[in-house]
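Spelled out, the chains give:
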Amino acid sequence: MFLQAPEFFAELCLPFPDHAVVGNTYFAAPVPGTPLRLRIEFTRTIQADTYGGLRAAIVHRDRGEIDAVALSFLDHGTFHRRHEANNTRPNTQGYGVIDKYHRRERPPWDGAVTTGLRDAIEQYTAVWFPGAWNTSTPGRAAGRNAQPAPAAPVTRNGTRAR
């Protein structure tokens, strides 16, 4: 398969030991013994063989899908560095997507920074699987895609932030 989904999901470093990648879809049971499962798949665009992000869904084993969220590559800065390096402009072919038209020796998601996607998946799954990330989070390796996040400045002005 041109997406090389097992490698892409491995790059996300999701902490769920009970998981499998079938085709282009990631399945996990973040909390063993519960009827809820996590399914993550690539979202298609209107162009054939082109994908614009991930779709994470919570699936109940008896009731089916009960919630889902779309996580676009563009919104999560997945290919920001790749676009800057290649001088790819918004609204041009290949911007913010992966497709089957890539160099054969490289995966279609080459140059992806998956930190934003991973953080979004963590926030989404924390609602449905509280504590699942705390008990099984693997250490993030400082690989080619790791970027330090800037620390937020601490300000005290006497008002409450919402």
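Rules behind the numbers
- Residues numbered from 1 in each chain as written.
- Predicted model: local features only at pLDDT ≥ 70, side-chain atom pairs only at ≥ 80, totals over all residues.
- Heavy atoms only, no water.
- Phe/Tyr/Trp six-rings, centres within 6.5 Å; stacked < 30°, edge-to-face > 60°.
- Helix = DSSP H or I, 4+ residues; strand = E, 2+ residues; numbered from the N terminus.
- Buried < 20%, exposed > 50% of the residue type's maximum accessible area, 1.4 Å probe, protein only.
- Polar contact = N/O pair within 3.5 Å; in protein donor to acceptor, adjacent residues only side chain to side chain.
- Expected span 1.5 Å × (residues − 1).
- Arc of directions from axis to C-beta.

Looking at the packing of aromatic side chains
- This structure, assessed with the given rule, holds seven aromatic pairs.
- Between the aromatic rings of Phe-16 and Trp-133, the centroid separation amounts to 5.5 Å while the plane-to-plane angle is 80 degrees, which identifies the pairing as edge-to-face. Highlighted residues: Phe-16 in the loop between helix 1 (5-12) and strand 1 (19-22) and Trp-133 in helix 4 (residues 132-136), separated in sequence by 117 residues. Take Phe-16 and Trp-133: they sit in the same class, and that class is buried.
- Aromatic pair Phe-42 and Tyr-51: ring centres 6.0 Å apart, planes at 70 degrees, arrangement edge-to-face. Tyr-51 carries the same exposure label as Phe-42, and that label is buried.
- Here the aromatic cluster, defined as three or more aromatic residues joined through ring pairs, consists of Phe-8, Phe-9, Tyr-26, Phe-42, Tyr-51 and Phe-73.

Overview of the environment of Thr-45
- Examined against the element boundaries, Thr-45 turns out to sit in the loop between strand 3 (36-44) and strand 4 (50-60).
- Residue class for Thr-45 comes out partly exposed when judged on its relative accessible area of 31%.
- For the pair Thr-45 and Ile-98, spaced 53 residues apart in sequence, the C-alpha separation works out to 9.9 Å.
- At 3.2 Å, the side chain of Thr-45 forms a polar contact with the backbone nitrogen of Gln-47.

Some points on helix 3 (residues 115-128)
- Taking 1.5 Å of rise per residue, 14 residues should cover 20 Å, and helix 3 covers 20 Å from first to last C-alpha, within 8% of that figure.
- For helix 3, the full list of buried residues reads Leu-117, Arg-118, Ala-120, Ile-121, Tyr-124 and Thr-125. Around the axis of helix 3, the buried residues are gathered within 160 degrees of arc, so they sit on the same side. More than 90 degrees from the buried face of helix 3, the exposed residues found are Gln-123 and Val-127.

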